[in-house]
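Single-letter residue listing:
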Amino acid sequence: MRIFYFPVLLICIACAHNENTLPVAGLHQPVEILRDSAGVNHIYAQNEHDLFFAQGYSAAKDRLFQFELWRRQATGTVAELLGAAEVQRDRGARLFKYRGDLTTEFNHYHPNGAAIISAFTEGINAYIAETERNPTLLPIEFQLLNFKPGRWTPEMVISRHQGLLFNLPEELDFGRLVALLGEEKLKDLRTFEPGTPRLALDKKIDANGLFEDILGVYKAFREQKLAFKPEHLAMHGNKNQAQVEHLTLADSQAYAEMMDGAKRSIGSNNWIVSGAKSETGFPLLANDPHRALAVPSLRYMVHLHAPGWNVVGGGEPTIPGVSIGHNEFGAWGLTIFNIDSEDLYVYDLNPANQNQYRYKNAWEEMKVEYDTIPVKDAATVVVQHQFTRHGPVTFIDAKRNKAYAVRAAWMEPGGAPYLASLRMNGATTWPEFREACTYSHIPAENMIWADAKGNIGWQTVGIAPVRKNWDGLVPVPGDGSYEWEGYLPIKELPNVFNPQKGFWVTANENLVAQEYAHRNAVGWEWADSSRATRLNSVLSSKQKVSMADMQQLQFDYFSNPATQLIAYLKALTITNTSTKELQQLLLEWDCVMDKNSVAAGVYAAWEKHVLEKAHALFVPEKAKPYIKTVSIKKVIGWLKANRAEWGDRNAFLIATLEQANTTLTKKLGADKRNWHYGQPAYHHVLIKHPLSNVVNDSVRALLECGPLPRGGSASTPGVTGNSDNQSHGATFRMVADVTDWDKTRFTNSPGQSGDPASPFYRNLFEAWATDTHTTIYFSRQKVEQATQQKVTLIPQ
């Protein structure tokens, strides 16, 4: 046993045994878990119950602190751990919890859904029970915070708190912006496609009331960051405690970019190539979902094998099954598609009884529930939840006699994120896969499929409200004049089977045809098309696509916006010698955001100043609280049109290039040879732990991963964002060759385990940061050859 000493803390790391047998209560038959060199568990069970029991057990063992934070967010018990500052979050979690029939809910995701989810939580609790008997098994975070994990129930698995949902906060902001600027100016500042949306506010809406804190409780519920502070630590006040600061999971600039520019710069890529266009003569598939970087990773890889099950891939650790992966027959992947599944309703209240709201010329009573929220070091808080016929009430404006409530399609049965992938895990053909897709409600996604029979396909999925008399982009009266007319059948969402061009790409861009028959059931805002344009260009240019091509394309750092912006430099006359050097450097550059490139470093700084200055010029001051960034697509369009807001367009471009020169000189020194893009002082990755900034230096070093240099940007297929520290992008990736599942390549970062004492905590980080895939085997023979640890769980 090795022992590491830290101030006020002992951390014990038990040396791993190659083979071990553990008795576990709750199993029906023995289960083998083979752990490969990447840290991926290959679980071989003899029945379905034990398979998912072992998945829950293994995931909890690897990610126990992550599980506990998600459990508290799902149940509205964060304030019990972190105090009064989290009461609003807990209120929101309880207000928006699923209140429907649980058996209907569980079995939506799989015919045996109730049994699978129950077995999964039994496995989680079996490992938690082990930590209760032996507290030394608890990871360091539990020691630092001096608390213990709680037990799981099946209801926690179906929580919606971590889902990617659209578009409630934007809907409220659009209503505010229409009131402030008018419809046309909003359309000028934001991109809506295809077609022209209806943005007018109904005359019954009191525009002034929209500027109240209407969605405070919703935003608290949806907030993914947890605000740990020094006083939460068990050793707070110890003389060895290093000076600390309030936690942020990423620097404020990066986080603001991530939140405000999500639809434009954060997204995912996937593509499929047919056998006619591949070197193997059979389909290839690639997927790299982009999310916020975190330690541990959002995704957890696993191989599940039992009668009726044989699937490997990744998914969120707190749900059973595999969200992105392959079985013996086919592979699948996902990216986000925009379906607006939320609306904000505004009601007139009865002046004589503000618990009543007007609906179709009559007063209806709100449903009321009372709840109690435990709070650390404070009295329990009693809260009141109110509901209209449409959903949870988020705000009562007593002075205006108004109420605001949310209708959310994700509150319907089947709204738990990614859980319907359980049905996809067993698909053997394209028709079976499409049928499984009809159960996938949240998030809305571009699902792709490639199978060993030679077929490829694309099916968009999601629960899609049909709105006939409005487009869902601004708040509407809740008096019955704006009602959803059911949900669009998923198979009627956009799809394609064996496309004639031999490949298909999705990158969160608009893929809705202008003439699409169900325009009123899909969204209006999409990611900038730069990534999709590049991916389509590369695949179109190749007569045959190899597995190596597929892998390299996931790390492609070519910037389409750079080619368009730099074109404007050709006509500029620059007198400043130093700035002229930058002009020439960019004109000779290949527009690849390579980490070793000085030109990439110059371009990134210039683009940043262009965007910041454009925001200042084009967004009216009163609108800036609601529009915090402008898209590069918009800016390029405004430059092309030579809009009056620029004043002198050439002078603007020269001034921003000079600003970039000044910025880089201050940041990296006068020697331009040191201005290469990827470096700790510039574009890099440092993944912080939720406790990073509230622990001393020695513990922080144990928890964090990085820094390492990075290439890429927010506009490259290999997304790494525009802030200095990469805050989002693809940690999990997959590339599959359907002719041999043992050739499937993955990345994940920083590691499979969330326990800093584990050898699998950061073992994948460097390979990921240097753009290297890892092979995860599928056949038993290959898995056994790659096994580093074998654990046999036996019934107790």
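Residues numbered from 1 in each chain as written. Predicted model: local features only at pLDDT ≥ 70, side-chain atom pairs only at ≥ 80, totals over all residues. Heavy atoms only, no water.

Draft legend 1. Main features of the overall build of the protein. When helices and strands are counted, the protein shows 25 helices and 31 strands. Taken against the 2.2 N^0.38 rule, which gives 28 Å for 796 residues, the C-alpha radius of gyration of the protein at 26 Å falls within 12% of a compact globule. Across its three principal axes, the protein shows a C-alpha extent of roughly 75 × 75 × 65 Å. Within the protein, buried positions represent 62% of all 796 residues. Relative to all contacts within the protein whose residues are 6 or more apart in sequence, the contacts with residues 24 or more apart total 72%. When the accessible surface of the protein is split by element, carbon and sulfur atoms take 50% of a total near 29000 Å². Side chains of the protein give 80 positive and 85 negative charges; the mean places of these two sets differ by 3 Å. (Helix = DSSP H or I, 4+ residues; strand = E, 2+ residues; numbered from the N terminus. Rg over C-alpha atoms; globule rule 2.2 N^0.38 Å. Buried < 20%, exposed > 50% of the residue type's maximum accessible area, 1.4 Å probe, protein only. Contact = heavy atoms within 4.5 Å. Areas by Shrake-Rupley, 256 points an atom, 1.4 Å probe, with all protein chains shown as cover. Lys, Arg positive; Asp, Glu negative; His and termini not counted. Charge placed at Lys NZ, Arg CZ, Asp CG, Glu CD.)

Draft legend 2. Here's a closer look at helix H15 (residues 430-437). If you check which residues of H15 are buried, you get Trp430, Phe433, Arg434, Ala436 and Cys437. Summarising the axial view, the buried residues of H15 lie within an arc of 160°, below the 170-degree limit, and thus occupy one face. Along its buried surface, H15 packs onto strand S12 (330-336), helix H14 (421-424), strand S20 (445-451), strand S21 (456-461) and strand S23 (495-497). (Arc of directions from axis to C-beta.)

Draft legend 3. Quick peek at the packing of aromatic side chains. This model, assessed by the stated rule, comprises 32 aromatic pairs. Ring centres of Trp430 and Phe497 lie 5.7 Å apart, and the angle between their planes is 10°; this geometry places the pair in the stacked category. With Trp430 in helix H15 and Phe497 in strand S23, this pair connects stretches of sequence that are 67 residues apart. Given the relative accessible area of 7%, Trp430 is considered buried. Three or more aromatic residues link up through ring pairs in this structure, and these residues are Trp332, Trp430, Phe433, Trp449 and Phe497. Against the face of Trp363 rests Arg358, its NZ or CZ located 4.2 Å from the ring centre. (Phe/Tyr/Trp six-rings, centres within 6.5 Å; stacked < 30°, edge-to-face > 60°. Lys NZ or Arg CZ within 6 Å of the ring centre and 35° of its normal.)

Draft legend 4. Representation of the pattern of salt bridges. Under the definition given, this model contains 42 salt bridges. Across the salt bridge formed by Arg160 and Glu105, the nearest N and O atoms sit 2.8 Å from each other. Of the two residues, Arg160 is situated in the loop between helix H8 (154-157) and helix H9 (168-181) and Glu105 in helix H5 (residues 102-108); the sequence distance between them amounts to 55 residues. Like Arg160, the residue Glu105 is buried in the burial classification. Of the charged contacts in the structure, one is a salt bridge between Glu212 and Lys399, with a shortest N-O distance of 3.4 Å. Residue Glu212 is found in the loop between helix H10 (183-189) and helix H11 (216-222), and its partner Lys399 is found in the loop between strand S18 (393-397) and strand S19 (402-408); the two are separated by 187 residues along the sequence. It is possible to trace a salt-bridge network through shared partners that takes in Asp206, Glu212, Asp397, Lys399 and Arg400. (Salt bridge = Lys/Arg side-chain N within 4 Å of Asp/Glu carboxyl O.)

Draft legend 5. Here's a closer look at the sheet that holds strand S29 (residues 745-747). Ordered by their spatial adjacency, six strands build an open sheet running S24-S6-S7-S28-S29-S30, and the pairing between neighbours is antiparallel. Each edge of the sheet is formed by a strand with only one pairing partner; in this case those strands are strand S24 (503-506) and strand S30 (774-775). Relative to S30, S29 runs antiparallel, the two being bridged by two bridges. Across the sheet, Arg745 pairs through a bridge with Thr775, a residue of S30. Against the sheet, helix H16 (residues 530-541) engages strand S6 (268-273) and S24, with an angle of about 165° to S24. (Pairing = 2+ DSSP bridges. Axes fitted to C-alpha atoms, helices over the stretch in contact; angles between N-to-C directions.)

Draft legend 6. Up close: the sheet that holds S21. Spatially, S3-S31-S4-S5-S9-S10-S11-S12-S20-S21-S23 is the arrangement adopted by the 11 strands of the open sheet, whose pairing is mixed. If you trace the sheet from one side to the other, it starts and ends with strand S3 (19-24) and S23, each paired once. Neighbour to neighbour, the strand axes of the sheet diverge by 20° on average, direction disregarded. Note: strand S4 (residues 31-36) against strand S5 (residues 41-44), four bridges, orientation antiparallel. What sits directly across from Glu32, in S5, is Tyr44.

Draft legend 7. Fine view of the nonpolar core. Within the largest apolar cluster, 123 residues are counted, with the highest numbers of intra-cluster contacts made by Phe228, Leu419, Phe433 and Leu793. Element by element, the count of residues in this core is highest for helix H6 (residues 113-133), at eight residues. Core analysis: the next-biggest nonpolar cluster, separate from the first, contains 57 residues, Phe174, Leu611, Val635 and Trp675 among them. (Core = buried A, V, L, I, M, F, W, Y, C linked by side-chain atoms within 4.5 Å.)

Draft legend 8. Quick peek at helix H21 (residues 632-640). Turning to H21, its buried residues are Ile632, Lys634, Val635, Ile636, Trp638 and Leu639. Looking at the buried residues of H21, the elements they touch are H10, helix H18 (560-566), helix H20 (598-618) and helix H22 (649-668). Looking one or two residues past H21, Asn642 carries a phi angle of roughly 50°, positive in sign.

Draft legend 9. Representation of the environment of Ser341. Here Ser341 shows up in the loop between S12 and strand S13 (342-350). Residue classification places Ser341 among the buried positions, given a relative accessible area of 3%. Taking the C-alpha atoms as reference points, Ser341 and Met411, 70 residues apart in sequence, are found 9.8 Å from one another.

Draft legend 10. Inspection of the pairing of strand S9 (residues 300-306) at higher detail. Most of S9 sits inside the fold, with six of its seven residues counted as buried. Two strands pair when backbone bridges link them, and S5 and S9 are joined in this way by four bridges, in the parallel orientation. Within the sheet, the bridge partner assigned to Asn41 lies in S9 and is Val302. Across seven bridges, S9 lies against strand S10 (residues 309-315) in antiparallel orientation. Within the sheet, the bridge partner assigned to His303 lies in S10 and is Val312. Between S9 and S10, which pair antiparallel one after the other, the connecting turn spans two residues, and Gly308 there sits at a positive phi close to 85°.

Draft legend 11. Local environment of the confidence of the model for the protein. Confidence along the protein averages 94 in pLDDT terms, with 94% of residues attaining 70 or more. Counted against residues more than four places away or in other chains, residues 261-265, with its pLDDT under 50, gives 22 contacts. (pLDDT = per-residue confidence, 0-100.)

Draft legend 12. Geometry of the environment of Arg160. Since its relative accessible area comes to 3%, Arg160 is described here as buried. Within the local environment of Arg160, its side chain forms a polar contact with the backbone oxygen of Ile158, the two atoms lying 2.8 Å apart. (Polar contact = N/O pair within 3.5 Å; in protein donor to acceptor, adjacent residues only side chain to side chain.)

Draft legend 13. The packing of helix H2 (residues 64-75) against helix H4 (residues 87-95), seen in detail. Two elements in contact, H2 and H4, have axes separated by 7 Å at closest approach and are oriented at 70°. As the angle between them shows, H2 and H4 are arranged roughly perpendicular. For the pair H2 and H4, contact is made by Arg72, Gln73, Ala74 and Thr75 and by Arg89, Asp90, Ala93 and Arg94, respectively. Of the residues that constitute the contact of H2 with H4, the class distribution is two nonpolar, two polar and four charged. (Parallel < 35°, antiparallel > 145°, perpendicular 65-115°, else oblique. Nonpolar A, V, L, I, M, F, W, Y, C, P; charged D, E, K, R; others polar.)

Draft legend 14. A look at unusual backbone geometry. Asn167 follows Phe166 through a cis peptide bond whose omega is 0°. Its location among the elements puts Asn167 in the loop between H8 and H9. Its identity as a non-glycine residue notwithstanding, Asn401 has a phi of 60°, on the positive side. Checked against the element boundaries, Asn401 lands in the loop between S18 and S19. Despite not being glycine, Cys591 has its phi angle at roughly 65°, a positive value. On the secondary structure map, Cys591 appears in the loop between helix H19 (577-587) and H20.

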